[in-house]
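Structural description and commentary
Listed here are the chains, written in short residue letters.
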Amino acid sequence: MSTDNAAERLGVHHLKRFWSTTLSETRKSEEWVAHNTLLCGLRVGLRETFDYLFQQRPSFAEFESWILEKNSGFISPARIESLNEALSESGILGRTADPNAEPVLTAADLAFWDRNGYVILHDAVPRENCQAAVAAICDFLGVHLSRPETWYGGPQGHSIWIPLLHHPALWANRDSPRIHRAFAQLWGREDLWSSVDQAGFNPPERCGWKFPGPHLHWDVSLAQPIPFGVQGMLYLTDTAADQGAFTCVPGFHRRIESWLESLPAGADPRKHNLSSLAVPIPGRAGDVVIWRHELPHGSSPNRASLPRVVQYIRMYPSHWEYNPVWR
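About the cut-offs
Residues numbered from 1 in each chain as written. Predicted model: local features only at pLDDT ≥ 70, side-chain atom pairs only at ≥ 80, totals over all residues. Heavy atoms only, no water. Helix = DSSP H or I, 4+ residues; strand = E, 2+ residues; numbered from the N terminus. Contact = heavy atoms within 4.5 Å. Axes fitted to C-alpha atoms, helices over the stretch in contact; angles between N-to-C directions. Parallel < 35°, antiparallel > 145°, perpendicular 65-115°, else oblique. Nonpolar A, V, L, I, M, F, W, Y, C, P; charged D, E, K, R; others polar. Pairing = 2+ DSSP bridges.

This part takes up the environment of Val309. By the secondary structure assignment, Val309 is in strand β10 (residues 308-312). Linking Val309 and Asn100, residues 209 residues apart in sequence, is a C-alpha distance of 35 Å. With sequence-adjacent residues up to four places away left out, Val309 is seen in contact with Val134, Ile137, Gly200, Phe201, Leu234, Tyr235, Leu236 and Thr237.

So this is what it looks like as structure tokens:
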């Protein structure tokens, strides 16, 4: 794969290296963080980018054009400048959270977070934002919330994951100042980049459609130590505990190390059933649940009368730690 000095339209310093090493399959594990920051800053999803590169094997110019298309044809020079700074040596240091910014998580919220490993930020986005996002998801799926027969058999198949990434209504939520402030408080960092994650549509179980998961799981390596990291989910509709609510094992971050050490030699911790410890976390439309990576978490069967509709939101600083050893 050629890596000559052809003109780069976007001017993103790390982009050509990412394109070249990905297509030549010479990616290095130590570049994983930079790759995530790059794609978050360019507002493209991780999976959709790798799918495009591996399936289409584009030239670099074609790759840049694809990125521009995903950004409606324009990326501001200010965002390019910020991204280049984030990917530089100085960007590794980042910017600490602004001590003068008004907090959105109270002292009681932070104490709850320390104890339980998750926290709920109420009214993270206005209700009208939620309604716009729900409308976008329903339009994508061909769903009418007043007609249960339309809730099943959509383009997502037998899954609650909805591959809708770039609708303006979803970006309005990712750009929420309150959500940014909550993540900034938890990370202690101001230089945050939002990932481009999917939405979720979890209809009530019925004959022929049982909850497909994901059940309790971890999204990170369980090799010790597990570096600090967080994930989030925005409720777009009022969601009761039995309505397919997000579930987790509260406080597990405080004992995961000793629990792993207690397992028999050779046991796979991911096959251990922790469902008896799981707690459903209900919420109102506009609430964000943020949880630590160490918590086993998942969705749950919807045994109510209405679907659960959500948007997954994560924010990372320009540089973060991760364990490249997978367990």
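There's more to say after this.
Bringing the packing of helix α2 (residues 32-41) against helix α5 (residues 77-86) into the picture now. At a closest axis distance of 10 Å, the pairing of α2 and α5 adopts a crossing angle of 175 degrees. Classified by the angle their axes make, α2 and α5 are roughly antiparallel. Together, Thr37, Leu38 and Gly41 of α2 and Arg79, Leu83 and Ala86 of α5 make up the contact between the two elements. Of the residues assigned to the contact of α2 with α5, the class counts are 3 nonpolar, 2 polar and 1 charged.

Attention shifts here to the sheet that holds strand β6 (residues 246-248). With respect to topology, 3 strands assemble into an open sheet ordered β7-β6-β9, the strand pairing being antiparallel. Of all strands in the sheet, those bounded by a partner on one side alone are β7 (279-281) and β9 (297-298). Bridge count between β6 and β9: 2 bridges; the pairing is antiparallel. In the strand pairing of β9, Cys248 is matched with His297.

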